[in-house]
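# Summary of structural features
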Amino acid sequence: MILARSYETIIIAKPDFEAESIAKLQDRLLKAIGDVGGVDLKLVDWGRRKLAYPIDGHRKGNYFYWGFIAAPAALAEVHRHLKISSDVIRFQTVALTESVPLESFDVTKEKERVEALTPDPQDDEEIARRDRRDRRRRRDDEDGDFGDEGMMMDEEDEG
Amino acid sequence: MRPEFKRRRFGRRKVCPFCADKTLYIDYKTPSMLKRFITERGRIVPRRISGVCAAHQRDLQEAVKRARMVALMPFSMSGID
Ligand SMILES: [Zn+2]
C-alpha cells in the first residue's frame, strides 16, 4: 500500500525560459509521479509577474501552479528535477491533505480542491488596484502610519 | 524603538475579520489580501492592532512566510518580524 498526499507546488521559471525545456521538465515531472506513484491534477501558467524581490538577478518570473497527488518518493523525484532545472529559479511545495492510501483518493474531489485553491491572478490584480486607491484616499485624510481602518475587510474577496 | 503609531485614533477592533467572515480564506497565493495585514515596511501588523484572533494570526503568519518564499510578498525591511 502506497501512502500519498495532495500537494501544490509554485514553480518560478526565469522570465526568458525556453518553452521547449519547460515542456521537457513538465514531461519529467509527470513521468515522475506516473512512475513512482501519483496523479496529475492541474497545471496553470500564471504568466510573468514582477517578483517582490529579485531572485538570482531576475526582477520578473514566470509563475506556474501545479496541483498533484504524490507518494513521498514521487515528490522527492519531482523536487530533484526542479532543483536541477536551469530554468527554475524558485519552487515551493505545500501539502494540501494528510497522508492516505493512494488508491483511496477521490481524484475528482482533489481536482475540485486545487481548482478552488487557484486564485485568478486577475482578481488579485484587481484587489491590489482597489487597495492602492483606498490607501491613497486614506493618506489624504490622515497622517498616521496605519489606522485600524486599514485592516478593515470591507470588500468581498472571492476565493 | 516602536514609532508613534501607538496612539490609536480609530479605537480597538474587537472582532477578528476572519472569524467575522468565514468566506475569507487565508491563502499565501492572494498577496493582495495579505497585504492588508502588513505595514508599509512589510511587517505583520500586531494583532492587538488588527484585532485578528490568535489562531488566525498564526495562519496569517504562515501564509505571509509562504508568500515571501515565492516572492509574492517582500521580506520585512527592518529584517525582523
Ligand atoms: Zn479569527
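Everything numeric in this text was worked out from a predicted model, so none of it was measured. (Residues numbered from 1 in each chain as written. Chains lettered and ligands numbered in written order. Predicted model: local features only at pLDDT ≥ 70, side-chain atom pairs only at ≥ 80, totals over all residues. Heavy atoms only, no water.)

## As for the overall build of chain A
Along its length, chain A carries 4 helices and 5 strands. In chain A, which comprises 159 residues, the share counted as buried stands at 45%. Within chain A, contacts between residues at least 6 apart in sequence are counted, and of these 77% link residues at least 24 apart. For chain A, the accessible area works out to roughly 8800 Å², and carbon and sulfur atoms hold 48% of it. (Helix = DSSP H or I, 4+ residues; strand = E, 2+ residues; numbered from the N terminus. Buried < 20%, exposed > 50% of the residue type's maximum accessible area, 1.4 Å probe, protein only. Contact = heavy atoms within 4.5 Å. Areas by Shrake-Rupley, 256 points an atom, 1.4 Å probe, with all protein chains shown as cover.)

## Some thoughts on the coordination of the zinc ion
Residue and element names in this part refer to chain B. Around the zinc ion, the protein contributes the donor atoms Cys16 (SG), Cys19 (SG), Cys53 (SG) and His56 (ND1), at 1.9 to 2.4 Å from the metal centre. With 4 donor atoms in place around the zinc ion and angles of 101 to 113° between them, the coordination shape is tetrahedral. Sequence spacing among the residues donating to the zinc ion works out to C-x2-C-x33-C-x2-H. One end of the pair, Cys16, is in the segment before α1 (17–20); the other, His56, is in helix α4 (residues 54–69), with 40 residues separating them in the sequence. As far as the burial class goes, Cys16 and His56 line up, both buried. (Donors = N, O, S within 2.8 Å, 3.2 Å for Na, K, Ca; no water. Tetrahedral: all angles 85-135°; square planar, octahedral: opposite > 155°, others 65-115°.)

## Digging into the environment of Ser76(B)
Structurally, Ser76(B) is set in the segment after α4. Taking the C-alpha atoms as reference points, Ser76(B) and Gly42(B), 34 residues apart in sequence, are found 4.3 Å from one another.

## A look at the confidence of the model for chain B
Residue and element names in this part refer to chain B. Here chain B averages 83 in pLDDT, and 78% of its residues register 70 or above. Per-element confidence in chain B ranges from a low mean pLDDT of 87 for helix α2 (residues 31–34) to a high of 95 for α4. Confidence estimates for the predicted assembly give a pTM of 0.78 and an ipTM of 0.76. (pLDDT = per-residue confidence, 0-100.)

## Quick look at the side chain of Thr9(A)
Residues and elements named next belong to chain A. Relative to the helices and strands, Thr9 is located in strand β1 (residues 3–13). A distance of 2.8 Å separates the side chain of Thr9 from the side chain of Thr93, its partner in a polar contact. When neighbours within four sequence positions are excluded, Thr9 is seen to be in contact with Phe64, Tyr65, Trp66, Phe68, Leu82, Phe91, Gln92 and Thr93. (Polar contact = N/O pair within 3.5 Å; in protein donor to acceptor, adjacent residues only side chain to side chain.)

## A few points about empty space enclosed by the protein
On inspection of all chains with the given rule, the structure shows 2 cavities of 30 Å³ or more. Looking at the lining of the second largest cavity residue by residue, the class counts come to 6 nonpolar, 1 polar and no charged. (1 Å grid on protein atoms, 1.4 Å probe; cavity = no way out; pocket = protein on both sides within 12 Å on 5 of 7 lines; lining within 4 Å. Points joined across faces, edges and corners; volume = space filled by probe spheres on them. Nonpolar A, V, L, I, M, F, W, Y, C, P; charged D, E, K, R; others polar.)

## Quick look at the pattern of salt bridges
For the coordinates displayed, the defined rule picks out 9 salt bridges over all chains. The salt bridge involving Glu8(A) is made with Lys29(B); its shortest N-O contact spans 3.0 Å. You can see Glu8(A) sitting in strand β1 and its partner Lys29(B) sitting in the loop between α1 and α2, one on each of two chains. Here Glu8(A) and Lys29(B) have matching classes, each one buried. Residue Lys31(A) pairs with Asp35(A) through a salt bridge whose shortest N-O separation is 2.6 Å. One end of the pair, Lys31(A), and the other, Asp35(A), are both in helix α1 (residues 19–36), 4 residues apart, so they sit about a helical turn from each other. Accessibility classification places Lys31(A) together with Asp35(A) in one group, the exposed group. (Salt bridge = Lys/Arg side-chain N within 4 Å of Asp/Glu carboxyl O.)

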